[in-house]
Every structure is written in C-alpha cells, then in structure tokens.
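So the chains spell out like this:
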Protein chains: 4
Amino acid sequence: MSIDLEALYIDLHRHPELSFQETRTAGVITRALTALGLEYVEGLGTTGVATSITGTATDDGPVVWLRADMDGLPVAEQTGLAYASTARGIDPAGTDVPVMHACGHDMHVTALLGALERLAATRDEWSGTVVAVFQPAEEYGAGAQAMIADGVLDRFPKPDIVLGQHLTPLPAGTIGVRPGTQMAASDGLTVRLLGRGGHGSRPHATIDPVVMAAATVMRLQTVVSREIDPREMAVVTVGSIHAGLKNNIIPAEAKLELSLRYPDDEARADVLARVERIVRAEAAASGAEEEPVITTDHSLPPTINDHEATARLSAAWERAFGEGTVVDPGMFTGSEDVSWFAREAGVPLVYWFWGGLDPQQFADAVARGTVNEDIPTNHSPFFAPILHPTIERGVDALVVAAREFLG
Amino acid sequence: MSIDLEALYIDLHRHPELSFQETRTAGVITRALTALGLEYVEGLGTTGVATSITGTATDDGPVVWLRADMDGLPVAEQTGLAYASTARGIDPAGTDVPVMHACGHDMHVTALLGALERLAATRDEWSGTVVAVFQPAEEYGAGAQAMIADGVLDRFPKPDIVLGQHLTPLPAGTIGVRPGTQMAASDGLTVRLLGRGGHGSRPHATIDPVVMAAATVMRLQTVVSREIDPREMAVVTVGSIHAGLKNNIIPAEAKLELSLRYPDDEARADVLARVERIVRAEAAASGAEEEPVITTDHSLPPTINDHEATARLSAAWERAFGEGTVVDPGMFTGSEDVSWFAREAGVPLVYWFWGGLDPQQFADAVARGTVNEDIPTNHSPFFAPILHPTIERGVDALVVAAREFLG
Amino acid sequence: MSIDLEALYIDLHRHPELSFQETRTAGVITRALTALGLEYVEGLGTTGVATSITGTATDDGPVVWLRADMDGLPVAEQTGLAYASTARGIDPAGTDVPVMHACGHDMHVTALLGALERLAATRDEWSGTVVAVFQPAEEYGAGAQAMIADGVLDRFPKPDIVLGQHLTPLPAGTIGVRPGTQMAASDGLTVRLLGRGGHGSRPHATIDPVVMAAATVMRLQTVVSREIDPREMAVVTVGSIHAGLKNNIIPAEAKLELSLRYPDDEARADVLARVERIVRAEAAASGAEEEPVITTDHSLPPTINDHEATARLSAAWERAFGEGTVVDPGMFTGSEDVSWFAREAGVPLVYWFWGGLDPQQFADAVARGTVNEDIPTNHSPFFAPILHPTIERGVDALVVAAREFLG
Amino acid sequence: MSIDLEALYIDLHRHPELSFQETRTAGVITRALTALGLEYVEGLGTTGVATSITGTATDDGPVVWLRADMDGLPVAEQTGLAYASTARGIDPAGTDVPVMHACGHDMHVTALLGALERLAATRDEWSGTVVAVFQPAEEYGAGAQAMIADGVLDRFPKPDIVLGQHLTPLPAGTIGVRPGTQMAASDGLTVRLLGRGGHGSRPHATIDPVVMAAATVMRLQTVVSREIDPREMAVVTVGSIHAGLKNNIIPAEAKLELSLRYPDDEARADVLARVERIVRAEAAASGAEEEPVITTDHSLPPTINDHEATARLSAAWERAFGEGTVVDPGMFTGSEDVSWFAREAGVPLVYWFWGGLDPQQFADAVARGTVNEDIPTNHSPFFAPILHPTIERGVDALVVAAREFLG
C-alpha cells in the first residue's frame, strides 16, 4: 500500500493548526506511520511524533535524524485555491484567529512521510538508523526544545547528523543550500511600556504610553540604520503594537512584540543591549514612573550548516537531480529551531531549502524585475506552492541526503 | 414610600454596563419610576428612558428638561471599595472587557431619580412640566442623537430649557459652572493605516504599518505643539493603537483611534484638516499603496452655557447652598452630547458640574501641590466619589435649578 | 526747533544694529537729546542712553520711567520699501548676517524722542520727573539687566512706575493692553548634544548627533502636546539646529537653541524640568557617552501689568483718543525684559502695544480670514508699519500715559 | 639624489589643503618631479598634476596609470603628533575651518612620488609607460571628473589598466584587496526644506522647518531599517543639518546634507527614490507650501576591481611581501572617484588598501574587542598612521603592481 502524498498534502493544507495545537496533524502522521508498519512515540513536547527505521544491509551504521515541523500560522489564506484553508484557532491570548499553512510545514510533513515510505521499502539496501522527527511549534521557536525536554534524544538513537529541509519560493526542482550560516539567530521579545492612564481630554494628568510606544518604535529603527555595520545583517522588527480600548481613554500601558535577527551569538548580545538601552531611555524620556518590562518569548540559535557535510550533500544532489539544481540561496534572515537537536547532541547539521514555485511564474517575475512584489513569500496569505514536482523533489531530497550518510 | 438613594447608587455602581447595553440600569430606573407612580417611555435610542411630571400650581408653565446619562466604561475598577465593580462586558469589537462606572453616571442617575421624587412630591408648588431623560451611550457620544432619532423630542413636550449635571472631583458641596463654552467640542476618529504584511525577517518585502503608525503618532504631536495658537485649547489624543498578532509577522495594517478636542466649530474644522494632512502624508512617507481610511466615530458639539440662564442658576444656588459654593471651574477639555437636545430644539442649555470629592482629600492634595497626581479624575480606575453629601447636593442642585425656571 | 520724526524713523530703519552694537543708534539719540537741550548718560550697559526731565508746575511729584529698546534683528528685510535696510552685522558667533528693524524698535525710539520733546516743551504744566531709558539688546533679553548692572537705577531718580510700549500689527491708532500677565516669561537655552564623529559611511563607529538631535526635537513636541494642561499656554520652540560641515562626515556634536514660553514662574520651573528630562533621556537613547550640556542664555520674567495703573491708563487713553481705541489684545506669548526695571525697583509696571498696521490691510485680511497668513508679524522680513498715524499715536500714548501719573 | 619621503610626508601632513585648493601640495609634487627629472602637466582640473615615464627595456609595452589623491578635510586634528596640522581653510560656504589630512592622502602622494623615483631609476628594466596622476578634490568626489574634463586622458597615453591605493587602519605591512565591488557607490545630496519663518513665540503662524527637518531625519532611518534587504549594504547618513540663527526666531528653511551609499547602480536608483519619497512626504506632513529642493552635489560610481587583474596582483604581492600579507578586507562602504579614469577609458581597475596601523595597537584592540572604539578610522581627528613601514610598503605596493603589468 502506498501513501497518496498529494491527497495527504491537500488534507493537511485544509486543516492547519496553531503551534502546540497540532493534534489533528499528529493524527494524520500516526495513521500514515501505522499504515507503513512503523512504531512511533507521540505526544512528545505536546504534539510531536517520532519514529525510526533501521536499515538491514549490514549490522551497523550511522544514525541520521530527519526533521519536519508541523504547525500553521495565524494568517487568513487568500490564495483562492480550491483547497484553501478556512480554519480558525484560538491563539495564546485567547483570540479567535484564522489559521493557514502559510509557511509550508504541510509540505514538510508530506515529504518526510514520503521519504519514510521509500526508506522503509528499501531498508535492505542501507545500514544504520533513520530517526524521523515531526516537531510542533516551530513558529513559536519552542517545539524543538519541548521535544528535547520530553526526552526525544534519550528515547531514540542519538544522531550522527541532523538533516532538515524547508519549502521556499525558489523555482520548483531547485535545492538551495550554503555552508556556514544558513539562517539567522532570532529572539522574540515582549516589551511592556508602563505609563499612567486617564481621560483623553486631560493628557497632562497622564503619562501617555501610546506616545511612549511610538517614540520607541521610531528610535528602534536607528539600531539597524546607525549602529550596525552596514555590511552586516540585523533586523529589528516590531511585529505588533497594542494599547488602549477607546479613543478617549489614555491607557496605562502599551505592549510591543519584537522580532530580532542576527547572524551569530555576538551580534545577538550586541543588538539586545542596544534595544534594551533604547526602550529604557524612551520610557525615561516620557517620565515613566516604572521601568519597562522586557521579556524574551523565544530565542533561536543561528542555523549553521556543517561545511563538509554540506559539500557532500550538494554533490550528491547534483548527481541525482542534474547539474545546476543546487544553488547558494544566500543567508536567510528567517530563523529555525532545528539547530537545537544538533546543538544538544553536539553533531553536525545540514538544513536546506527546496523550491515550490512555478518556474514560469518565477521567470516572468524576474523578467519584469518584480520578484519582491509578485512572488508570495513564506508567511504571505498568498503563499501557494505548486504540487508537482514539489512533493516529489522534497521526498527525493530527503532520501538522497539520508542515503548519502547511511551505510 | 421613599427611594433609598444610597442603596440605589451602590447597586448601580456594582453593575455598570457598557454604552447601548444599559438594560439592567434601565430596569432599575423604570422600577423606581413605577414606585414613584410615574409613567415612562423606555427603549428610546436602544435603552433610554424618559418620563415627565406636570406641576399643578397653575395651569400653565414652561418645560424644563433634566438629563442624566447612564453608561459605564471599559475600565477595571481599582478603588478597593466594598461595592467596587467586578462586572465585565463585550465591547463593540467583541472583546471581553472589565466595566466600571468610572465617570460617575451612576451618580447622575441617582440624583435625577432623587430629584424626580422631590418634584413629584411637591408638584402642587410649581407650574409647567419637567421632562426627565435617562440617556444611554454618552461615552460613545451617540446616545443623545439616538434618543432624538427615536422621537424623544416629539413624544414629550418640547423644552424651553435643557439642564444637566456631571459629577466631578471638585470638593463635595461645590457647584462649578461658567457661562459660554463649558466643555469642548470633540471628534472620535478611527484611522486605518494600510501597509503590506510579510515575514518579520524580511521587512524590505513589506510596507511596515507599525512604523507608519508610530511616525504618524509622533507627527500628530506637532498639531498641538506647533500649529495651534499656544493660548488656545486643542487636544489630539491617540487613545488606542493596534497592529499585529505576533512578533515575527509584519501585519498588513494598523489602526489608530483618535480623540480630538477644541473650543468651537472653527477650531474643529482646522484641527481635523491638519490631522488628515498628517495622516495622509505619513502614509505617503511609508510608500503606502493605499490611502489611509479615516472615519468619524462620533462628533460632539461644544457645550455652551446660556449666559443669562447660567447667571440665574448661579444666583439661585448661592442662595440655596450659601455663598462661595458656586465656582467657575474653567472650560473643561472633555466633551458631552447633552447639547444635541438643546441644539435640536433651538433652546438654551445649562450644564454644570457638582463635586464628589472628599473635601479633606482635596485640601491635602492642594497643600502638597499634588492635585494632578493624587486626585483620581473621571475615567480613572480609582475614581471614587464620597456618598454624602454628594448624593444630596446632586438632588438639590437639580431641584433648585428646575424650580428656578418652573413657574 | 522740532525733531522731524519721520526722517528720524527712516534713518533708524535704514541703519539697524544688532544687540549690544547699537552705537550709531545711540549717536542718533544723543544728538536728538542735545538738540532738545537735555543732558544724558550714555554707554549704560554698553550702548544704553538715559535722560531725565523735571516738571516745574510744582516742586514735587512722582517719578515716571519711560523705556524704549533700540536693537535690530538678524533678518534680511524683504519689505521692498524705499527705505528698506540693506545693513549687515557680525553676530556673536562671528557670522556676517543681514540686519533689520523687524521688531519695530526703531519706532519705539522715535516715539520716545517725540514724547520727550513734547514733555520738555510743556514742563511748566506738570510736576515730578520723567526718566527716559533707551535700552540696548532687548532681543537678547539682556539689555535691561546690563543697564541695571551699570547703575541706571542709582544714577537717576528711582521710578514710582515704569511704562513702556511696543509696536505691533494692530490697526494703527489702536492701543492694546490688559491687566495681569501681558507677555509670557521666557527662557533661551542652548543644548549641546555630544556624540562621536566619524566617516559618513561608517555610522556604526559613531554616535550620530544628528539623529540624536532630530529625536530630541521630535520628543520635545510632546511637552506641549501631552504634558501641559491644554488650557494653559506653553511654547517649546527649537529656533536653531546646527551640526556638521559636510555630508560625508558624521559630526561629533549638535547644537540646539530653544526658546521656551510660559505664563508664570511655576510653569517655568515645570517646563524646564520636562525639557531637561527629555534632552537627557534622548542622549541616553543614543548611547551618548557624555551628558548633554544645557545652558541658559537668557531668562525673562513674565510681563505683568499692574491692575490699578492699567485701568487708569486705559481710561485716560479712551478719553484722549476716543472710545473703542483701547482693546484687550490677550496675553502675548512673546517676552520682554522691561520688567526688570520695575521688579528691581519694586514698583508697578504698565506695558502696552500700539498698532502700526494699515487699517485697510487689516480689514481686508479679516474679511478674507487670512490674518495669520497675510499680516506680517514682528520678526517677519515683511514687517512694515505705516508711518502715520503710527508715529503720532506712539508719541501721544507715551505723553498721555506719563501725564496721567505726573502731577 | 633621493627624495626624503619621511620629511616629504611630514611636510604634507603639516600643510593640508581643502579640495580644489591643493596649490601648495601641487607645488611640493612638481618640485619633486623636477628633482626626478620628469616633465609634467599641472593645473589639470584646477590643481591636478600628471606625469609619465616610459620604460626602455623594449620598444613597446602597456600603459599603466597610477593615481594618488591630494586633498585634506575640514577636521581639527587631535592626534597630538609633533607634526600635527594647525592649518585652516575657507570652505565653499565661506566659513573658516580647520584642515587635516584625516584620510591619508598625504601618504598617497608620498608613496606615489617614491614609486616614481624607483620606476624612473629602473626604467631600463621594464617596457611600456607609467602615467602618474595626482588628483585634487577626491573628498568632493569631483577631482577625477575635473581632470578628465581638462583632457588628462587625451594629453597622456590612454591606460590599459588603472591602479590606485588607499591608506587604511589595517596593520602596517598588510595589503587589503578583493575582486568585484571594493567600495560602494555614493551620492551626496543637499536638501532644502522650505517652511515659513516667524517669531519663536508664535509657532502657529509659521511652518516650522526645524521640526520638518527632525521628522525627515527620523523617517530617513527607515530606508535602511525597513526598506533594504537586511543582507545588503546601504547607508543613509545625514552628515549636516542647519537651520536658524537665534533661539527665538523660527527660520524659514532648513538644510540637510546627505551621504548615501550602495553597492551598485540598481541599489542607487532604488535608495534615491526612497529618500526623495520621504523628503517630499515629510514636507507635506508639515504643510509646506513649497516643495523641498533636492540637489545632487556629487555622485560616485562603485569601485569594482577587475577579477583577473586583482588575482594577478594578489599573487604578485604575496610573492613580494610574503604569504598572508594580502587579505580580503571586505567591501568598504566608503566611496572613491578613481573609477572615472577606468570607466571613461573602458579599461580594468584595481584599487587596493594598504595598512598604516601600528600592528601592536591593532593586536591589543583585537584582544580587548575594542577595534571599533579604539582604532581611529579615516576621517577621525585621531587618524595617525605610523610612518614605517607604511611609507615603504606603499611605495613597494605601487612598484610591484606596476611592474606586474609592465613588460
């Protein structure tokens, strides 16, 4: 019996779930594993699933971990696809929000299940052990650590290498990978700015947190524009700002949520210190009577690809898929928590991108010079990979990569 | 039978309701009117109630309207009073919020019911008609117009004068009133700033509405600081700012809610034009592809006290309460919709303030020079009038005022 | 022999001098005094001149001081008048600048000389002593104190009252005066913001004082927009900002010059504290390694008119010039150092405005609703009083006022 | 006879001249060329000098241009060196400013003269022609074009390759060079923001250009922080801001000088459009009645090193100076006008850096992690190269490079 990967993908796409709530997704995965005759552990780090397959070609061999993440995003899908999501969920603040697989994790799960089917079917051809990890809550940067806290590294053979892949708007068929820093380190901060509320007509009796927040947002721009070497990558995004219930009541506080990005741990410490300096000084400029409260919601390490392993895989893929199929996509400013598995185990990591974009659409946008405007990126409500050959290339990329390291 | 006004006040205070949702409050009022043997019309402008009493001293006399507003505010009470509110409500955005009588409308209702009892008991002493109007949704600036749209001016005798009063942190016992502009005109605006969303790590592929909003808030400060004659009153408050769900998703839009204040209709047109100019220019500075959407949520006229009627009332109160009890509180920057009744009918208005503050607390704060810091104002979560003589003075002020004009 | 006041005015207008450099102006004054047969002291507070006339009607009488200021401004005249200034001067920074009598001090001197001629000619009609003070450097807020430091109060009879007047764009013929605060208190501050310079292409190696200055200016707007009661007057103007020599060198510091205005001494202390708080916090937000340096360049008291004396003068002028010629011009946000003479002597002050605007021009602007746009105010390069009846009314206003108090 | 290069350098360092005023410097150069027996053309592009030497080994050979720039900067030297500059000059605005060789052009001239002496002395060993170009006004980005406009490319043999070098705070002895973009493209803009002036106490009658400028500076930060791919280099520096003469006069306009940097011509067009969009929108936000005036003061192309020629030179230097002496310094965000010579002639360019920093000082700063803080960079008032082996290595680098291409 063979998994219908297209149907599986469409089902997952129609039913995205928010981070740490991927119960239906986990059910889809465990049913597929059962159909493949594989045992698994579920409920790892809330909703994570892991399984393993041992090759029988020889008695012994390396352990290769393959990881896919499972969660969707609070985005209202606007792709117009027949199988577009209309799902909703309750976010951590208790708000009812739309949910969409706007980052392609549905494709990640699909490809890993396809690869497991292939590897299981060919286990007499290879040696060693493949461990497949279906991880929750990558979008919160918290799922990998939750699975580790739940003992995934103890309950399965320790990896010799960790592999993972991410769907991206490269032309379908293309693999993008680079040695060294592949994705940025990232922190998610919440900043509570504490003022003093009052009536909207009597600002002088208040300490206005809306103005405090606005001044802080404007000043935070100067970290990147003035304080970081223009040749280095840093991002300071204020992704959300919330204060007040009504136009004529000045609220007592404002909340900012920040997403910070940097290439390495040194830059991380540097930018964090600058952000904190500005937040505190802007509160002082407002005459705030209480210090702002800064909390770290998540902290993601940089995703650094092992040089030697990356070179081996690049060569293997070029052999398998043809010359020119592997490109250097540059460093990505996005972040990942896949590194925690490799960091914790002290082993190398290779994390790559594979394309899901209609090559013709890409060529047209390049010709028009409108790639930034016309190609929906990850997290866009218009993010819509083509199904083929995206599914097949995702499966093959995992199988080729795993087999490169397995005996 | 006599109404227990203290108990009535405490009951209302414990059960505040949001604007246009004052159903329980209306029930309390109609039960009291029934107990007084008065007929009434309910459901006016959603939850408003009105009644009338005709004096029997002579066959004929003027019509005096007395108005009290009924609604609470989305504020979490922090007074620590035994009868503090723990109520919650659903605001127009569907959010569950705390509710508190932070503006004293519970005292307004209490005093008007007490005045009606007194006027009813003495109706053989006076001539003419008193119309009592219990109005919803003053906080939205919408209740007076809703009652007028529902025909309150047709279903009751037209006023010769409209009277109203507001609780305020003057020392209890004091009446504050001034001829001419007593309260500011006000508009409530909602501004939607339209950007383009995307991943928090790829700001260059977005048009960041959080930065657009922050720059707009900072620039709006210059209306008051640079563009209005320093000797004139104007307020531009951004009472709420909301954008985004998550630190690492740049949202597609931001919403600001503004409260604007001015002394007259000319200043209103002037400030509105300046605010619109800045909002549009800041969107342009961000490279927004869509114009901001500016909507007016409410628009309140200035509250202008008739000169002659105000002089008559001031004299009447001084006679009744003693010399020095009537003070000029200056113009208030807050706003009211009571004027619509008088504007629509084309008759004079007198609107005054009466004190609910413990006189000792006031004296102490004056001595320390900390009136702004220590005296909770209307809309503060700490707003807590003393019960006596506040209730009695509120009743008396209405009765004295009504009798001054009645035959 | 009679002074040709029109010719004198035109001569002064053609030859304006910067503050503390009014040597030619002092020469014109002393020549006129000599022609009038009056003795004088010159060089008071650098370039000031004072003289006195004693009435002979009786042996004794009060001492009335009349004060006129003498200095021009660094403004390039654009009136297009035949007698427009083309003068230049060297400002305290050593820069060569255009100079113009853009504040009407040429008219002040002219009127005072005209009044002296009249009073001298009629000295047998009155008793007491008139002291005329021609003061330098009013625009620096420093001339009155300089003359006091030079002993003017000791070298002339002490005043019983101090009188002064200022030309303003009221319609010619009109006197504007109010009891109480007539002009604001004011401070002039210089703020040096200390950063770290470097090459324009390497902002991360610098602490950019231009951004520090810009953020400070934006934040200073919030003092007036959020922190001062909207019904009270306050002004925070950054009148000059200077940093840098070249586009590609980030300078080491920026300099701001602030002009602050308030109605009284309490507001002064309050606003100064708020400004300092913001300046220091914005330097901290920039990560400045040195504290900003804030210096006070001048500090002017509020100009407060004595209630009783103002009422006497208003009545005297209405008698002399006709009903309706004296108006309440409201409080002016500008400031004056004339108060120092009265404060130091502990005597009352009356300081008034007289109009120099073509009444037709004023009527037209009122009709168009473009008074703010079309009427050049003091300090404008287009400030151009009409000569008649401005000169005559200025002379008469002084003579009537002096005679009201003299025996 | 041999040039004393150390004495020559110290003399030049003591007598820096502003751009297009390098008359004394040109005199030093022409005296040295005369001493070497070389003919020259002077006055090229105002103060430029050029000369040529033809090798005699064979009859024919390539033409190699060597270029050194000559001008100093308006910086007040603070090195404390015995030979520190105390020179002053008059800048284009007519202001008297300090002048310093803060960018090392004195060393450039010294090294090129030393190289010419060596090449002249050995002309029988090589073939072809060396053209040496001493260029004025590199700091204005205008000198190369001025020399070209004056015909330098017609009056000397056309280059087959253009070579140039720049002193930098790499450790002395080190050469830094990279193929491809070595230095950024750059534009210098002047922005005049037009408001309406008036008295500092009457902001409502003005359009405040100081606030307009501050808001513009703050908004310009968002170009780099939000609108450019975080992985790409862009700089938007406001190097100078000037408005106003006095604290209590609101000026009529403000002037900003911007330095912009980008890696290529596409980014240039993109950033320029964004800057213009913001400048215009911020003027609109202020209600400016006149459009801002944006002028381009200079425009420098990217400095792009020919790949093949750079590889040849790197190999030649490593052979000459030892392995490890040639490093990739990364792209510099600074800009140069040397490219115009190669662009105009349509030939390759190699432009490299050579170190002038005390290696021990560098090692110490690296150990402390304070390179950014402790190492004075070009344009710093503390920029102070050590004399040896800086001079020798600068001479050798030119000679080795020229000989590599000469026959």
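Rules used throughout
Residues numbered from 1 in each chain as written. Chains lettered and ligands numbered in written order. Predicted model: local features only at pLDDT ≥ 70, side-chain atom pairs only at ≥ 80, totals over all residues. Heavy atoms only, no water. Pairing = 2+ DSSP bridges. Helix = DSSP H or I, 4+ residues; strand = E, 2+ residues; numbered from the N terminus. Axes fitted to C-alpha atoms, helices over the stretch in contact; angles between N-to-C directions. Buried < 20%, exposed > 50% of the residue type's maximum accessible area, 1.4 Å probe, protein only. Least-squares fit on C-alpha atoms with pLDDT ≥ 70 in both. Contact = heavy atoms within 4.5 Å. Buried area = accessible area lost by both parts, 1.4 Å probe. Salt bridge = Lys/Arg side-chain N within 4 Å of Asp/Glu carboxyl O. Polar contact = N/O pair within 3.5 Å; in protein donor to acceptor, adjacent residues only side chain to side chain. Nonpolar A, V, L, I, M, F, W, Y, C, P; charged D, E, K, R; others polar. Phe/Tyr/Trp six-rings, centres within 6.5 Å; stacked < 30°, edge-to-face > 60°. Lys NZ or Arg CZ within 6 Å of the ring centre and 35° of its normal. Patch = residues over 30% accessible without salt bridge, like charges linked within 9 Å, V, L, I, M, F, W, Y side chains within 5 Å. Areas by Shrake-Rupley, 256 points an atom, 1.4 Å probe, with all protein chains shown as cover. Lys, Arg positive; Asp, Glu negative; His and termini not counted. Charge placed at Lys NZ, Arg CZ, Asp CG, Glu CD. Expected span 1.5 Å × (residues − 1). Domains from an automatic or database assignment.

### Here's the deal with the sheet that holds strand 14 (residues 253-262) of chain B
Step number 1: Spatial ordering of the open sheet is given by 15(A)-10(A)-14(A)-12(A)-12(B)-14(B)-10(B)-15(B), a layout of eight strands whose pairing is antiparallel. Only two strands of the sheet have a single partner each, and these edge strands are strand 15 (293-300) of chain A together with strand 15 (293-300) of chain B. The average angle at which neighbouring strand axes cross in this sheet is 25°, direction not considered.
Step number 2: Note: strand 10 (residues 185-194) of chain B against strand 15 of chain B, seven bridges, orientation antiparallel.

### Looking at the pairing of strand 6 (residues 129-135) of chain A
Residues and elements named next belong to chain A.
Step number 1: Here strand 6 lies mainly inside the structure; seven of its seven residues are buried.
Step number 2: On strand 6, burial covers both faces: Thr-129, Val-131, Val-133 and Gln-135 on one face and Val-130, Ala-132 and Phe-134 on the other are all buried.
Step number 3: The pairing of strand 2 (residues 48-54) with strand 6 spans six bridges and is antiparallel. Residue pairing across strands places Ala-50 opposite Val-133, the latter belonging to strand 6.
Step number 4: Sheet topology note: the strand 3 (residues 63-69)/strand 6 ladder contains seven bridges and is parallel. Looking at the pairing, Val-63 lines up with Thr-129 of strand 6.

### Some details on the relation of the copies chain B and chain A
Step number 1: For the pair chain B and chain A, the superposition axis carries a translation of 0.1 Å, the fit reaches an RMSD of 0.1 Å, and the rotation angle comes to 180°. Interpreted geometrically, this transformation is the action of a two-fold axis.
Step number 2: Here 100% of the contact residues of chain B are again contact residues in chain A; the copies associate through an equivalent surface.

### Comments concerning the interface of chain B and chain A
Step number 1: Of the residues lining the interface, 49 residues belong to chain B; the matching set on chain A comes to 49 residues.
Step number 2: Here chain B meets chain A over a buried area of about 4400 Å², counting both sides, of which 60% is carbon and sulfur.
Step number 3: The interface formed by chain B and chain A holds zero salt bridges in total.
Step number 4: Linking chain B with chain A are 15 residue pairs in polar contact (both at pLDDT 80 or more), by the criterion used here.
Step number 5: When contributions to the side of chain B that touches chain A are tallied by element, the ones reaching two or more residues are helix 6 (209-227), strand 12 (235-243), strand 13 (249-250), strand 14 and strand 15 of chain B.
Step number 6: At eight residues, strand 12 of chain B tops the list of elements feeding residues into the side of chain B that touches chain A.
Step number 7: Taken together, the residues of the side of chain B that touches chain A break down into 21 nonpolar, 21 polar and seven charged.
Step number 8: Note that strand 12 (residues 235-243) of chain A and strand 12 of chain B share three bridges and pair antiparallel. Its bridge partner being in strand 12 of chain B, A:His242 is matched across the sheet by B:His242.

### Quick look at the packing of aromatic side chains
Step number 1: A full pass over the atoms with the stated rule returns 24 aromatic pairs over all chains.
Step number 2: Ring geometry for C:Phe332 versus C:Phe353: centroids 4.0 Å apart, planes at 20°, classification stacked. Linking C:Phe332 in the loop between strand 17 (326-327) and helix 9 (339-345) with C:Phe353 in strand 18 (residues 349-357), this pair joins segments that are 21 residues apart in sequence.
Step number 3: One aromatic cluster in this structure is built from A:Phe332, A:Tyr351 and A:Phe353.
Step number 4: A cation over a ring is seen here: A:Arg393 above A:Phe321, with NZ or CZ 3.9 Å from the ring centre.

### Points about the interface of chain A and chain D
Step number 1: Taken together, the contacts link 18 residues of chain A with 18 residues of chain D.
Step number 2: Summed over the three residues of chain A that lose the most area to chain D, namely A:Arg226, A:Pro230 and A:Arg231, the buried surface amounts to 38% of that side.
Step number 3: Linking chain A with chain D are zero salt bridges, by the criterion used here.
Step number 4: Where chain A touches chain D, the interface holds eight residue pairs in polar contact (both at pLDDT 80 or more).
Step number 5: If you list the elements that add at least two residues to the side of chain A that touches chain D, you get helix 6 (209-227) and strand 12 of chain A.
Step number 6: The biggest single contributor to the side of chain A that touches chain D is helix 6 of chain A, with six residues.

### Some thoughts on the pattern of salt bridges
Note on pairing: side chains with opposite charge can pair once their charged atoms come close.
Step number 1: A complete count under the given rule lists 95 salt bridges over all chains for this structure.
Step number 2: A salt bridge links B:Asp374 to B:Arg368, with the shortest nitrogen-to-oxygen separation between them at 2.8 Å.
Step number 3: Through salt bridges that share partners, A:Arg67, A:Asp69, A:Glu336 and A:Asp337 make up one connected network.

### A short note on a negative patch on the surface
Step number 1: Taken together, C:Glu232, C:Asp264, C:Asp265 and C:Glu266 make up a surface patch of like negative charges.
Step number 2: Judged by its relative accessible area of 31%, C:Asp264 is partly exposed.

### Things to note about the relation of the copies chain A and chain D
Step number 1: Once chain A has been moved 0.0 Å along the axis and rotated by 180°, it coincides with chain D to within an RMSD of 0.1 Å.
Step number 2: Most of the interface of chain A is mirrored in chain D, where 100% of its interface residues again form contacts.

### Overview of helix 8 (residues 307-321) of chain D
Residues and elements named next belong to chain D.
Step number 1: The end-to-end C-alpha distance of helix 8, which contains 15 residues, comes to 21 Å, matching closely the 21 Å that a straight helix rising 1.5 Å per residue would cover.
Step number 2: The inward-facing, buried residues of helix 8 abut strand 7 (161-171), strand 8 (175-176), strand 16 (303-305), strand 17 (326-327), strand 18 (349-357) and helix 12 (390-405).
Step number 3: If you check the start of helix 8, you find a side-chain oxygen 3.3 Å away from the backbone N of Glu-308, and it comes from Asp-306.

### Side note on the domain arrangement of chain A
All names here are of chain A.
Step number 1: Domain boundaries assigned for chain A yield domain 1 (5-182 + 302-405) and domain 2 (185-299).
Step number 2: Between the C-alpha centres of domain 1 and domain 2 there is a distance of 34 Å.
Step number 3: Between domain 1 and domain 2, roughly 740 Å² of surface is buried when both sides are summed, and carbon and sulfur atoms account for 56% of that area.
Step number 4: Taken as a group, Pro-302, Thr-333 and Ser-335 account for 52% of the area that domain 1 buries against domain 2, more than any other trio of residues on that side.
Step number 5: Notably, a salt bridge pairs Arg-343 with Asp-265, separated by 3.9 Å at the nearest N-O pair.
Step number 6: For the pair domain 1 and domain 2, the interface holds two residue pairs in polar contact (both at pLDDT 80 or more).
Step number 7: Class assignment of the residues belonging to the side of domain 1 that touches domain 2 gives a composition of four nonpolar, five polar and one charged.

### Topic: unusual backbone geometry
Step number 1: The peptide bond linking A:His388 to A:Pro389 adopts the cis configuration, its omega dihedral lying at 5°.
Step number 2: With respect to the helices and strands, the residue A:Pro389 is situated in the loop between helix 11 (371-374) and helix 12 (390-405).
Step number 3: With a phi angle near 65°, A:Phe20 is a residue other than glycine that sits in the positive phi range.
Step number 4: Relative to the elements of secondary structure, A:Phe20 occurs in the loop between helix 1 (5-14) and helix 2 (23-35).
Step number 5: At C:His379, a position not held by glycine, the phi torsion is positive, near 85°.
Step number 6: Looking at the secondary structure, you find C:His379 in the loop between helix 11 (371-374) and helix 12 (390-405).

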